[in-house]
Amino acid sequence: YTRGTVTAFSPFDARADAEALRKAMKGMGTDEETILKILTSRNNAQRQEIASAFKTLFGRDLVDDLKSELTGKFETLMVSLMRPTYIFDAHALKHAIKGAGTNEKVLTEILASRTPEEVRNIKQVYLQEYEANLEDKITGETSGFFQRMLVVLLQANRDPDGRVDDGLVEQDAQVLFRAGELKWGTDEEKFITILGTRSVSHLRRVFDKYMTISGFQIEETIDRETSGDLEKLLLAVVKCIRSVPAYFAETLYYSMKGAGTDDDTLIRVMVSRSEIDLLDIRKELRKNFAKSLHQMIQKDTSGDYRKALLLLCGGDDE
């Protein structure tokens, strides 16, 4: 991954960073500026080293200290940055399915966008960290075709990319056409199987073929033929097949567009993509929405929270 905005900081000194953070939080008042500057400019692996040095030097838990010294969205962002990368998604899913009501948006965003390898890792970490089976938890909290599609994605058995067979492309496109536009009622199973198991390069060709056969983009059909959580999930899968950065650009755009900001989504995407593809996401946002991520954040957020997000964002795309 070289398309992130956050990379390893050099020269890195975990002890010096730990000392600076302790100083920033000790005594009266907190020096938020120092905290946000350090945490946004070190990568996740380095932040874990800082936490470990912090404990060694001061016998204190860095995350606990951050939680007691900071508040609101800024606190959430800093604590999110401190979460080990491999735990990040498992933790987000755990919180999406606990307590009253399930946060379908989080399930959709994570399971539609992660690679099969990442999904396998999430399941393993979930089991280790929470001693529970993620699939059981998700099936317990969801239902219908939405549940079935999530289960297919959780299997992480998408075909690997290889040579694409034109005959099979034609066949899948026809099956989807017959299952959607040509059918009285929709055959959701067909959409779930094809969108959940075929390779990315195969599906991109299927979408083109589908357009040729039906005269519609596959998104238009999904929009017309399905509804609710299933529709959102199928659309997210299609968008991620087309382009993961474009999917996240759209996600970020809508998290800030209009009245109010969906800060949970904004924080989750900025943190989880900062070392992977945030540069590409910025480019797609500029291209597809004629907006710069930097300016949207500037306009939509404030205070230390804004400062930290802008640093994570990196430059402006004018």
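Residues numbered from 1 in each chain as written. Predicted model: local features only at pLDDT ≥ 70, side-chain atom pairs only at ≥ 80, totals over all residues. Heavy atoms only, no water.

The name given to the chain in an unreviewed UniProt entry is Annexin, with Smutsornis africanus as the source organism. Reading the Sequence similarities (unreviewed entry) entry of the UniProt record for the chain gives the comment "Belongs to the annexin family." (UniProt positions renumbered as here; feature names shortened; annotations may be inferred.)

Let us now look at the domain arrangement of the chain. Accessible area lost when the parts come together is the quantity often used to give the size of an interface. Domain boundaries assigned for the chain yield domain 1 (14–85), domain 2 (87–155), domain 3 (166–242) and domain 4 (244–313). In this structure, domain 1 and domain 2 have C-alpha centres spaced 29 Å apart. On the side of domain 2, 4 residues touch domain 1, which itself brings 4 residues to the contact. For the pair domain 1 and domain 2, the two sides together bury roughly 380 Å², of which 62% comes from carbon and sulfur. Considering only the side of domain 1, the residues that lose the most area to domain 2 are Arg83, Pro84 and Thr85, jointly responsible for 87% of the buried surface there. Between domain 1 and domain 2 we count 0 salt bridges in total. Where domain 1 meets domain 2, there are 5 residue pairs in polar contact (both at pLDDT 80 or more). Classifying every residue of the side of domain 1 that touches domain 2 gives 1 nonpolar, 2 polar and 1 charged. (Domains from an automatic or database assignment. Contact = heavy atoms within 4.5 Å. Buried area = accessible area lost by both parts, 1.4 Å probe. Salt bridge = Lys/Arg side-chain N within 4 Å of Asp/Glu carboxyl O. Polar contact = N/O pair within 3.5 Å; in protein donor to acceptor, adjacent residues only side chain to side chain. Nonpolar A, V, L, I, M, F, W, Y, C, P; charged D, E, K, R; others polar.)

Another aspect to go through is the packing of aromatic side chains. Given two aromatic rings, their pairing is described by the distance between the two centres and the angle made by the two planes. Applying the stated rule across the entire model yields 7 aromatic pairs. On the basis of an interplanar angle of 65 degrees and a centroid distance of 5.0 Å, the ring pair of tyrosine 126 and tyrosine 130 is categorised as edge-to-face. Placement of both tyrosine 126 and tyrosine 130 in helix 8 (residues 116–130) is noted, with a separation of 4 residues, approximately one turn of the helix. Of the residues examined, tyrosine 130 reaches a relative accessible area of 22% and is grouped as partly exposed. Relative to tyrosine 254, the ring of tyrosine 253 lies with its centre 5.0 Å away and its plane at 85 degrees, an arrangement referred to as edge-to-face. On the accessibility criterion, tyrosine 253 (11% relative accessible area) is buried. A relative accessible area of 49% places tyrosine 254 in the partly exposed class. Taken together through their ring pairs, the aromatic side chains of Tyr253, Tyr254 and Phe289 make up a single cluster. Sitting above the plane of the phenylalanine 58 ring, arginine 22 keeps its charged end 5.9 Å from the centroid. Taking NZ or CZ as reference, arginine 224 lies 4.3 Å from the ring centre of phenylalanine 216, over its face. (Phe/Tyr/Trp six-rings, centres within 6.5 Å; stacked < 30°, edge-to-face > 60°. Helix = DSSP H or I, 4+ residues; strand = E, 2+ residues; numbered from the N terminus. Buried < 20%, exposed > 50% of the residue type's maximum accessible area, 1.4 Å probe, protein only. Lys NZ or Arg CZ within 6 Å of the ring centre and 35° of its normal.)

One can find arginine 158 in the loop between helix 10 (144–155) and helix 11 (166–179). The side chain of arginine 158 sits in the buried core without any salt bridge; aspartate 159 is the nearest counter-charge, 7.6 Å away. A distance of 2.8 Å separates a polar atom in the side chain of arginine 158 from the backbone oxygen of leucine 195. Reaching out from arginine 158, the side chain makes a polar contact with the backbone oxygen of arginine 198 at a distance of 2.7 Å. (Lys, Arg positive; Asp, Glu negative; His and termini not counted.)

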